[in-house]
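# Summary of the model geometry
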Amino acid sequence: KKLSAAQKRARKKAKEERQRKYQWVFMNGKQVRIKRPPTIDGIAVDEWIANNADPIWLHQNEMWEYIKVDDEGFSEFTEKDELMSSYAEYSITVHSVLLNHVASKKC
């Protein structure tokens, strides 16, 4: 018996979904279907983290093996990291000035 157009579409959609979720590999000489590893934009999660995470985030999440270190033992900081550190210094300075101002008003 032939399938209707709606049934063909449903079968095709289910097949595409299975191909997206699972992959075929060989284990013990047999072909088996396993779940695909998670990806971000088509890149493996570990690889994506290694390429895009900053050293502070890597340290906070105990992923020290991904922190890139140069010959002198320092991690590579980008311009963004320098901007973030200068912003942090600025916010600490503003905070301390506000605390001093509040403390002087109370006396």
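Structure shown above.
Just so it is clear, the structure is predicted and the values come from calculations on it, not from any experiment. (Residues numbered from 1 in each chain as written. Predicted model: local features only at pLDDT ≥ 70, side-chain atom pairs only at ≥ 80, totals over all residues. Heavy atoms only, no water.)

### Re a positive patch on the surface
Taken together, Arg11, Lys15, Arg18 and Arg33 make up a surface patch of like positive charges. If one sorts the elements of the positive patch by residue count, helix 1 (residues 5-21) sits on top with three residues. When you line up the elements, Lys15 lands in helix 1. (Patch = residues over 30% accessible without salt bridge, like charges linked within 9 Å, V, L, I, M, F, W, Y side chains within 5 Å. Areas by Shrake-Rupley, 256 points an atom, 1.4 Å probe, with all protein chains shown as cover. Salt bridge = Lys/Arg side-chain N within 4 Å of Asp/Glu carboxyl O. Lys, Arg positive; Asp, Glu negative; His and termini not counted. Charge placed at Lys NZ, Arg CZ, Asp CG, Glu CD. Helix = DSSP H or I, 4+ residues; strand = E, 2+ residues; numbered from the N terminus.)

### Structural notes on the packing of aromatic side chains
All chains considered together, the criterion is met by zero aromatic pairs. Sitting above the plane of the Tyr22 ring, Arg33 keeps its charged end 4.7 Å from the centroid. (Phe/Tyr/Trp six-rings, centres within 6.5 Å; stacked < 30°, edge-to-face > 60°. Lys NZ or Arg CZ within 6 Å of the ring centre and 35° of its normal.)

### Some details on the pattern of salt bridges
Applying the stated criterion across every chain yields a total of two salt bridges. Taking the shortest distance from any N to any O, the salt bridge between Glu17 and Arg20 comes out at 2.7 Å. Here Arg20 and Glu17 lie together in helix 1, a separation of three residues that amounts to about one turn. In this structure Glu17 comes out as partly exposed when scored by relative accessible area, which is 32%. Judged by its relative accessible area of 56%, Arg20 is exposed. We note a salt bridge from Lys21 to Glu17, for which the minimum N-O separation is 3.9 Å. Here Lys21 pairs with Glu17, and both are found in helix 1, just four residues apart, close to one helical turn. Residue classification places Lys21 among the partly exposed residues on the basis of a relative accessible area of 44%. By sharing partners, the salt bridges in this structure join Glu17, Arg20 and Lys21 into a single network. (Buried < 20%, exposed > 50% of the residue type's maximum accessible area, 1.4 Å probe, protein only.)

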